[in-house]
Amino acid sequence: LTVRASSYADELVKTAKTVASPGRGILAMDESNATCGKRLASIGLENTEANRQAYRTLLVSALGLGNYISGAILFEETLYQSTIDGKKIVDVLLEQGIVPGIKVDKGLVPLAGSNDESWCQGLDGLASRSAAYYQQGARFAKWRTVVSIPNGPSALAVKEAAWGLARYAAISQDNGLVPIVEPEILLDGEHGIDRTFEVAQKVWAEVFFYLAENNVLFEGILLKPSMVTPGADCKERATPEQVATYTLSLLHRRIPPAVPGIMFLSGGQSEVEATLNLNAMNQSPNPWHVSFSYARALQNTCLKTWGGRPENVKAAQDALLLRASANSLAQLGKYTG
Ligand code: 13P
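Residues numbered from 1 in each chain as written. Predicted model: local features only at pLDDT ≥ 70, side-chain atom pairs only at ≥ 80, totals over all residues.

For helix 3 (residues 49–60), with twelve residues, the first-to-last C-alpha span of 16 Å sits near the 16 Å given by 1.5 Å per residue. Buried within helix 3 are the following residues: R52, Y55, R56, L58, L59 and V60. (Helix = DSSP H or I, 4+ residues; strand = E, 2+ residues; numbered from the N terminus. Expected span 1.5 Å × (residues − 1). Buried ≥ 20, exposed ≤ 12 C-beta atoms within 10 Å, placed from the backbone.)

Written as structure tokens, this is what we have:
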């Protein structure tokens, strides 16, 4: 049926289904060294490889994490790293039943000719890097590009974001990695929810146009959208039910049912807000697995509880498991607070 199927087609479909399995979602722990440094600074720790390793060891070795988490997105350093007691991080994840994933984009830079907007680098050399990541045990990938509402978005920025995601998705599938397609529509701004809805429809229309043009196998991708919410500085707030109504309406209009999983980012929402919004979206059956791929909304309390002290590791892991289990229930539409 496809114009040019990847030789990995069957495996891609299987991997995507495993990640999009009932009651589970993704732990995004792929902060770049710069971003991880900011998180560590917030608890007074230096941004050293040893501190990053200690924190990532804590996360992946929380016992029972695999009951709620189906995939973990890693930064390149972590994919090749061992825990503080010398086990490969990838092996610890596999023992927990968690599929290892890898952030493959090279970050955002200014988009010349736009309204102070950005584009995402990383296509050069992506095929060979992806093949190496597969060898190392990664089975899915992530590429995060952003769209800003206050700065436009300009037609140029949307087109660039969509095209970059589509090229990345095709290259990932060619190398056995399920691409997570993430055009993050940033929360920043005073705009209302209707404006976010309008921009999201435009962005996803273009993303799917170029995914199709690049012969991407829809059954072998996962999406990572932002929920449709008012801008962070908008005075009118939205209830979880309103967020769910707008977001599901966006998905129904723009996302083919062939796509197995929609794994939302938390984007600066509070931990509880992110859980409530996900729960609201799962109150009736959806054509896709509607779940989470949270970083901050899974890790904030965990990180604070740890504070860099070995004696707090267990309590921090419990904090992580608490958020993971709450979001697992929300994936099933059964979260009650
Ligand atoms: P947040 O859930 O903190 O937005 O991070 C998710 C992520 O991986 C962004 O790419």
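Among the nonpolar cores identified, the biggest contains 97 residues, and A72 and L222 are the most heavily contacted of them. Counting residues per element, this core draws most heavily on helix 7 (residues 155–174), at ten residues. (Core = buried A, V, L, I, M, F, W, Y, C linked by C-beta atoms within 7 Å.)

Looking now at helix 11 (residues 296–306). Among the residues of helix 11, those classed as buried are A297, L298, Q299, C302, L303 and W306. Of the surrounding elements, those touching the buried residues of helix 11 are strand 1 (25–29), helix 2 (33–41), helix 3, helix 10 (271–281), strand 10 (289–294) and helix 12 (313–331). Directly beyond the C-terminal end of helix 11, a positive phi value near 60° is found at G307. (Contact = placed C-beta atoms within 7 Å.)

Two elements in contact, helix 6 (residues 126–135) and helix 7, have axes separated by 9 Å at closest approach and are oriented at 45°. Taken together, the axes of helix 6 and helix 7 are oblique relative to one another. Here the hand of the crossing between helix 6 and helix 7 comes out right-handed. Contacts between helix 6 and helix 7 pair L126, A127 and S130 from the former with Y168, I171, S172 and D174 from the latter. Residues of the contact of helix 6 with helix 7, tallied by class, amount to four nonpolar, two polar and one charged. (Axes fitted to C-alpha atoms, helices over the stretch in contact; angles between N-to-C directions. Parallel < 35°, antiparallel > 145°, perpendicular 65-115°, else oblique. Left-handed = near helix turned anticlockwise from the far one by under 90°. Nonpolar A, V, L, I, M, F, W, Y, C, P; charged D, E, K, R; others polar.)

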